[in-house]
Amino acid sequence: MTTRKSPYPYWFVLPAAVIFIVLFMVPTFASLWFSLTRWDLVNAEFIGVENYRQFFREPFLIQGLVNTIIYAVLTSGTKTVLGLLLAVLLTSGIWAQGFLRTVVFFPVLVSTIGVGITSSVLMHPTRGLINVALAGLGIHGPGWLTDPALALYSIVLVDLWKGIGLATVIYIAGLASISPDYYEAARIDGATRRQMFFRVTVPLVKPATITVVTLSLIGGLRSFDLIWAMTRGGPGFSSDVLASVIYKQYQAGFYGLSTAGNVILFILIGLIVLPLTAWFNRKEVDL
Amino acid sequence: MTRRQLYTGVTALAASAVIFILPFLFIFITAAKTKQDAARLTFTLPAEWRLWDNLMEVVEARNYMLLLAYFNSTVITVASVALLVLFGAMVGYVLQRRSSAWNKLIYACVLAGLMIPPAVVPTIWVLQSLGLFKTISGMILIQIAYGLAFSILLFRSFIATIPRDLDEAAIIDGAKPLQIFFRVILPLLKPVTVTVIVVQSIAIFNDFTNPLYYLPGRENVTVQLTLYNFQSQFQTQFNLLFMNILLVTIPPLIVFIFFNRQIVAGMTAGAVKG
């Protein structure tokens, strides 16, 4: 018996596989080894877990780790809640709805570096538009990016400004897939608007919530360009995150340490995102 | 429309004007000011409109670096998106049409590609040993490697809507696998192809981090990097810095005007069915 050749040959996968394996998988696996070495791109000297030890000994490196988690949780949490509320608002048939959707979404497509530079100018402590406007209202505006206690949170605000549109359109797509029958039934049962939101909308829009939470968490944990454009991780190390630490160590020529930072980052993403997706997928919608 | 919907709309419009439109106006008017005027950072109309002069000055700066950057970014974007479409569609096609143990492995790779942040220094090491570090072709291959997972997913779910009868009819007519793919399947993938092209072009054109790591060097400058380089050079020339920002913002704006629907479709894929 001769086996007929499949019309869907596996060599179709080959070009993609070669590029992906060579430029993505190989570096990923190699990072596990190089993070255990002192490395100058030519010679790698095995030093055990010394890089990791150093990572967890240096206060500014630990702060980078903590900041990464704060940044990701704050941006992701806010995008989820605010994104859903905005989506509900922008599907409720209000005036100029289509235009508003466009306006909210456009920053998603704009250069992050451009946004970062613009907002750091707007956040200038004395002459920036934000503080000038606050002064007009009789409020003494803070040093958004110059106050070490505030810098990270100011960047979070800008990240929300830029990214909320994506969460909103994802939720709008999710809301559109909910059958109006559910709302009709709820209305007949005498449900209030509030009850409809929490008992119908929130459970039924779950696939969108999963997408928003996962995307924004991964994005938040990996975030680099906005932070780099706005503060370079400063003042001091107050707004450093793992991705900016990795870049700084790379610039300084500590390739082993930089790679250890990379490994820590993907372990962190795995530890946060994998259990979350497993939990999301197990929990059934109960209506 | 009820009165309530009208009032809510007007309020939302006013809020969005302040929050979302004002910053773009600020970029525009600062880009049109003189150096001294722009340095005050005020939100006032330019005392003297210098849009054209500022434009010429930014373009000519550093020996026409911005033009070179546009050229490089265009080459990288066009080449990597073209190959992403081709390779992504081929994988999505086989993945959807065949079922075997290999599929599990491919899915695992796709998931890894979506989640795992690239290990930067080891990637530089690989690029260097292949002679691709600091080269445009290296950058193109990197963008393909990083964009594949997303493209494969989009193509796979679209191909699921194309009936197999079409493939089978072609097989009976004696078509070879390549012919089936290029003559029958690929032309039917137009809607999702447009989505992939638009979404990936914007992502690659706006990419800052990867060129920063893998494509250093003056002659390799990309559009986003000009902004970063000018940030220190134009510290006292906010008019030129903002003109640069304006120029970098325009291409996505144009794409957005024409492909709004496809962009939203691509970015919300997966939101409806988990």
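In the block above lies the structure referred to throughout.
I will try to describe carefully the structure that is included in this document. Because the structure is a prediction, the values reported are computed rather than measured. (Residues numbered from 1 in each chain as written. Chains lettered and ligands numbered in written order. Predicted model: local features only at pLDDT ≥ 70, side-chain atom pairs only at ≥ 80, totals over all residues. Heavy atoms only, no water.)

### Brief notes about empty space enclosed by the protein
Residues and elements named next belong to chain B.
Part 1 of the reasoning: Applying the stated criterion across every chain, the model contains one cavity of 30 Å³ or more.
Part 2 of the reasoning: Computed from the structure, the largest cavity encloses a volume of approximately 60 Å³.
Part 3 of the reasoning: Of all elements in the fold, only α3 (51–97), α6 (136–159) and α9 (190–205) reach the threshold of two or more residues within the lining of the largest cavity.
Part 4 of the reasoning: Among the residues making up the lining of the largest cavity, the classes are represented as five nonpolar, four polar and one charged. (1 Å grid on protein atoms, 1.4 Å probe; cavity = no way out; pocket = protein on both sides within 12 Å on 5 of 7 lines; lining within 4 Å. Points joined across faces, edges and corners; volume = space filled by probe spheres on them. Helix = DSSP H or I, 4+ residues; strand = E, 2+ residues; numbered from the N terminus. Nonpolar A, V, L, I, M, F, W, Y, C, P; charged D, E, K, R; others polar.)

### As for the packing of helix α1 (residues 14–34) of chain A against helix α4 (residues 101–115) of chain B
Part 1 of the reasoning: Between α1 of chain A and α4 of chain B, the shortest axis-to-axis distance is 12 Å and the interhelical angle comes to 50°. Between α1 of chain A and α4 of chain B, the interaxial angle falls into the category oblique. The handedness of the crossing between α1 of chain A and α4 of chain B is left-handed. Of α4 of chain B, the residues touching α1 of chain A (which contributes F20, F24 and M25 of chain A) are C109, A112 and G113 of chain B.
Part 2 of the reasoning: Broken down by class, the residue content of the contact of α1 of chain A with α4 of chain B amounts to five nonpolar, one polar and no charged. (Axes fitted to C-alpha atoms, helices over the stretch in contact; angles between N-to-C directions. Parallel < 35°, antiparallel > 145°, perpendicular 65-115°, else oblique. Left-handed = near helix turned anticlockwise from the far one by under 90°. Contact = heavy atoms within 4.5 Å.)

### Some details on unusual backbone geometry
Part 1 of the reasoning: Here the amide bond leading from G234 of chain A into P235 of chain A is cis, since omega sits at -5°, within 30 degrees of zero.
Part 2 of the reasoning: Unusually for a residue other than glycine, A96 of chain A sits at a positive phi of about 60°.
Part 3 of the reasoning: For A96 of chain A, a relative accessible area of 23% puts it in the partly exposed group.
Part 4 of the reasoning: Unlike most non-glycine residues, N63 of chain B shows phi in positive territory, near 55°.
Part 5 of the reasoning: Locating N63 of chain B in the fold gives a position in helix α3. (Buried < 20%, exposed > 50% of the residue type's maximum accessible area, 1.4 Å probe, protein only.)

### As for the side chain of T30 of chain B
All names here are of chain B.
Part 1 of the reasoning: Mapped onto the fold, T30 is located in helix α1 (residues 3–31).
Part 2 of the reasoning: Judged by its relative accessible area of 1%, T30 falls in the buried class.
Part 3 of the reasoning: At 2.6 Å, the side chain of T30 forms a polar contact with the backbone oxygen of F26. (Polar contact = N/O pair within 3.5 Å; in protein donor to acceptor, adjacent residues only side chain to side chain.)

### Describing a negative patch on the surface
Part 1 of the reasoning: On the surface, a cluster of negative charge is contributed by E48, D53, E57 and E60 of chain B.
Part 2 of the reasoning: Relative to the elements of secondary structure, E48 of chain B occurs in the loop between α2 (35–39) and α3. (Patch = residues over 30% accessible without salt bridge, like charges linked within 9 Å, V, L, I, M, F, W, Y side chains within 5 Å. Areas by Shrake-Rupley, 256 points an atom, 1.4 Å probe, with all protein chains shown as cover. Salt bridge = Lys/Arg side-chain N within 4 Å of Asp/Glu carboxyl O. Lys, Arg positive; Asp, Glu negative; His and termini not counted. Charge placed at Lys NZ, Arg CZ, Asp CG, Glu CD.)

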